[in-house]
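Each chain, written out:
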Amino acid sequence: MKGDKREELGPGPEPSGPLPPTEEEEALLEFHRSYRELFEFFCNNTTIHGAIRLVCSQHNRMKTVFWAVLWLCTFGMMYWQFGQLFGEYFSYPVSLNINLNSDKLIFPAVSICTLNPYRYKEIQEELEDLDRITEQTLFDLYKYNASHTLVAHARSRRDLREPLPHPLQRLPIPAPPHAARRVRRAGSSVRDNNPQVNRKDWKIGFQLCNQNKSDCFYQTYSSGVDAVREWYRFHYINILSRRRQDTSPSLEEDVLGKFIFTCRFNQDSCNEANYSHFHHPMYGNCYTFNDKNSSNLWMSSMPGVNNGLSLTLRTEQNDFIPLLSTVTGARVMVHERDEPAFMDDAGFNLRPGVETSISMSKEALDRLGGDYGDCTKNGSEVPVENLYNTKYTQQVCIHSCFQESMIKECGCAYIFYPRPEGVEFCDYKKHNSWGYCYYKLQDAFSSDRLGCFTKCRKPCSVTIYKLSASYSQWPSVTSQDWVFQMLSRQNNYTIKNKRDGVAKLNIFFKELNYKSNSESPSVTMVTLLSNLGSQWSLWFGSSVLSVVEMAEFIFDLLVITFLMLLRRFRSRYWSPGRGGRGTQEVASTPATSLPSSSCPYQASSSSSPPDPAISPALSAPPPAYSTLGPHPASASAHAPGEP
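Keep in mind it's a predicted model, so treat the numbers as computed, not measured.

Detail in the predicted coordinates should be disregarded across regions flagged by low pLDDT. Mean pLDDT over the chain: 75, with 71% of residues reaching 70 or higher. With pLDDT under 50 throughout, residues 1–10 is counted as low confidence; its partners more than four residues away or in other chains account for six contacts. Low pLDDT, under 50, characterises residues 578–620; the predicted model gives this stretch 26 contacts beyond four residues in sequence or across chains.

Shown next as structure tokens:
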């Protein structure tokens, strides 16, 4: 035994240093005594390439500095690359995946409008009054007599009701200052060949004021045609609002028959179960084929003009309102079955006397939401109420947002958009300042001061129908006579204007192949870890375990720093004090905490009984070197019998 051998040697000279710990005496955690020892151990045993060169070349300072600088630069470059990789990952880039599919396609919904409002019986009398006032306005402004073009049934002047609010008037335009004209003429060396425009025609408009008439402005237009149309439209909206507070204007039974002569899909005739009706304030009667309410779902199993929708339309406007629309034809829009038709936003016009063939191609887009994109799946997180009660689209949200602002600011709903329950449509007989509020709000909406374009996020799933059109004259000169005769006999209606009174529309898929675009994350967690490992191997040629070695090195470095600070703190504040206090602190120190040099044979004391003669000496504390003078307590440190 080690203890026995040490005991046989007997007392001898004090060992030069502490004996190395045996295997049984090693602790669970082992820390190095200095930074140098830790660094040498790390460089000699790590699997990171280049670190051992810092130790092997320690006798050559030039090589040591070279490898230290090279190692630090490599370390910095690697972590710079790490920063780039993490920055790319947290920017959430996406990749666009394009797939080409081929299958039977669901035919989209097709909405078609007459392009001009019909003269409903409920508002016929008020419209005649509006026509008369418009006739007088045109005569006063332009000396134009429009009695034979605007009103079919003339009435005397004394039958007119009270004048309408917000009359249309010509506004004087101040001439530019003489100085400005002089500068403009002096700065122009080229002769002005532009025709002179009468400045009196530049500003035509009507005045709008707030509730208490404290603020007014003129809604003006540089074109007299635009001014008359907008003024007439403003008053027509008020007339229509009064009639639509409870129900929509009723239709005559033969209105659909007068508008759509023939309808066929996949060579089969359409029926009432294939379409639904709605009214548009400006485009009049509208019909939607194959919407979500249709009982029969239209499917396209073959491409081509003979496997789509074919319509023959009446485009005569004998009973329509000429001041609301200056064009003739029909308005068409192709959209998803569960989406509303926004005829103003995405519709196109049909030309009379022409066969228009629209070929479609379907394209689907699936976006990533969350951190990868600002889109919404169903609009539930968008702070705008869906007033259309249909599938969420960005247009639905934008129009609902404007209607909410209209109700909040003006106290009434705009007739072009749905209204919530309990809210009336705007009418200047009940809301005399709604026009002032509407045009102010429209200006704020166009410049996005209402925040509607910011609130309304894009939907994550979108289906787009790309359209391409071709045109041909229909019917031809040689066939127009019998075609018109057959249409007239079939529908019991005489076409007066012939070519200007009909139009034909064909809508079909040009191919059954459709493209689906889907987004996917460009950098996933697996990709990030792979890139990090590639960079680590490139710069240091090591693996994941090398990262653990680096973490262990940093941990040991922190522990050594902590222990050194703790030792300095204890030596500064817990060292033996001066006088009796220092002696008491030293005397109270247990024997087990004393250095081994003060008790060289402490390890063998357990094998032999202690000598009572020297027990007091062994239990005495070391002298207090912090005191210079004698101290009464020092007497107890002498051995017995000593003078």
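Read from one edge of the open sheet, five strands run E9-E10-E3-E13-E14, paired in antiparallel fashion. Edge positions in the sheet fall to strand E9 (275–280) and strand E14 (348–350), since each has one partner strand and no second. The mean inter-strand angle of the sheet, taken between neighbouring strand axes irrespective of direction, is 25°. Inspection of the sheet shows strand E13 (residues 330–335) paired to E14 by three bridges, in the antiparallel sense. Note on E14: the bridge partner recorded for Arg 331 is Asn 349.

Looking now at the pairing of strand E5 (residues 204–209). In summary, the side chains of a regular strand alternate between the two faces of the sheet. Burial analysis of E5 places five of its six residues in the buried class, which makes it a mostly covered element. Here strand E4 (residues 168–170) pairs with E5 via three bridges, running antiparallel. Looking at E5, one finds that Leu 168 is bridged to Phe 206. Two elements, E5 and strand E6 (residues 216–221), share six bridges in a ladder whose sense is antiparallel. Bridge pairing links Phe 206 to Gln 219 in E6.

Let us now look at the nonpolar core. Counting residues in each nonpolar core, the largest one holds 56 residues, and the members touching the most others are Met 406, Tyr 414 and Trp 434. The set of elements that each furnish at least two residues to this core consists of helix H5 (124–142), E5, E6, helix H8 (224–243), helix H11 (394–410) and helix H12 (434–446). Per-element accounting of this core gives the leading share, nine residues, to H8. Leu 105, Ile 260, Leu 350 and Leu 505 belong to the second-largest nonpolar core, a separate cluster that totals 26 residues.

This part covers unusual backbone geometry. Following Trp 474, the chain continues into Pro 475 via a peptide bond in cis, with omega recorded as -15°. For Pro 475, the position within the fold is in the loop between strand E18 (461–473) and helix H14 (480–491). Here the phi dihedral of Gln 267 falls at roughly 70°; this positive angle occurs in a residue that is not glycine. If you trace the backbone, Gln 267 turns up in the loop between strand E7 (260–265) and strand E8 (268–269). For Asp 448, which is not a glycine, the phi torsion comes out positive at approximately 60°. By the element assignment, Asp 448 lies in the loop between H12 and helix H13 (452–455).

Applying the stated rule across the entire model yields ten salt bridges. Across the salt bridge formed by Glu 126 and Arg 242, the nearest N and O atoms sit 2.9 Å from each other. You can see Glu 126 sitting in helix H5 and its partner Arg 242 sitting in helix H8, a full 116 residues away along the chain. Ionic pairing is found between Asp 374 and Arg 457, a salt bridge with its closest N-O pair at 2.7 Å. Linking Asp 374 in the loop between strand E15 (354–366) and strand E16 (375–376) with Arg 457 in the loop between H13 and strand E17 (458–459), this pair joins segments that are 83 residues apart in sequence. One connected set of salt bridges, linked through shared partners, spans Glu 126, Arg 242 and Asp 427.

Tallied over the entire structure, the rule returns eight disulfides. The residue that forms a disulfide with Cys 209 is Cys 216, at a sulfur-sulfur distance of 1.9 Å. Measuring the twist about the S-S bond at about 115°, one finds the Cys 209-Cys 216 disulfide to be right-handed. Look at Cys 216 and you get partly exposed, because its relative accessible area is 32%. For Cys 397, the disulfide goes to Cys 456, at an S-S distance of 2.1 Å. Here Cys 397 and Cys 456 share a disulfide; its torsion about the S-S bond, -80°, makes the bridge left-handed. Taken together, the residues span a long stretch of sequence, with Cys 397 in helix H11 and Cys 456 in the loop between H13 and E17 at a distance of 59 residues. Each member of the pair, Cys 397 as well as Cys 456, carries the same accessibility label: buried.

Moving on: the side chain of Ser 433. Among the secondary structure elements, Ser 433 is positioned in the loop between H11 and H12. If near-sequence neighbours (up to four positions away) are discounted, Ser 433 is found in contact with Cys 209, Asn 210 and Gln 211.

All right, on to the packing of helix H4 (residues 61–90) against helix H15 (residues 525–540) then. The packing of two helices is summarised by the inter-axis angle and the distance between the axes. Interhelical geometry of H4 versus H15 gives an angle of 165° and a closest axis separation of 10 Å. As far as their axial angle goes, H15 and H4 are roughly antiparallel. Classified by chirality, the crossing of H15 by H4 is right-handed. Along the contact surface, H4 presents Trp 71, Thr 74, Phe 75, Met 77, Met 78, Tyr 79, Gln 81, Phe 82, Leu 85, Phe 86 and Tyr 89, while H15 presents Met 525, Leu 528, Asn 531, Leu 532, Gln 535, Trp 536, Trp 539 and Phe 540. Here the contact of H4 with H15 is built from residues that sort into 15 nonpolar, four polar and no charged.

Rules of the game
- Residues numbered from 1 in each chain as written.
- Predicted model: local features only at pLDDT ≥ 70, side-chain atom pairs only at ≥ 80, totals over all residues.
- Heavy atoms only, no water.
- pLDDT = per-residue confidence, 0-100.
- Contact = heavy atoms within 4.5 Å.
- Pairing = 2+ DSSP bridges.
- Helix = DSSP H or I, 4+ residues; strand = E, 2+ residues; numbered from the N terminus.
- Axes fitted to C-alpha atoms, helices over the stretch in contact; angles between N-to-C directions.
- Buried < 20%, exposed > 50% of the residue type's maximum accessible area, 1.4 Å probe, protein only.
- Core = buried A, V, L, I, M, F, W, Y, C linked by side-chain atoms within 4.5 Å.
- Salt bridge = Lys/Arg side-chain N within 4 Å of Asp/Glu carboxyl O.
- Disulfide = S-S within 2.5 Å.
- Parallel < 35°, antiparallel > 145°, perpendicular 65-115°, else oblique.
- Left-handed = near helix turned anticlockwise from the far one by under 90°.
- Nonpolar A, V, L, I, M, F, W, Y, C, P; charged D, E, K, R; others polar.

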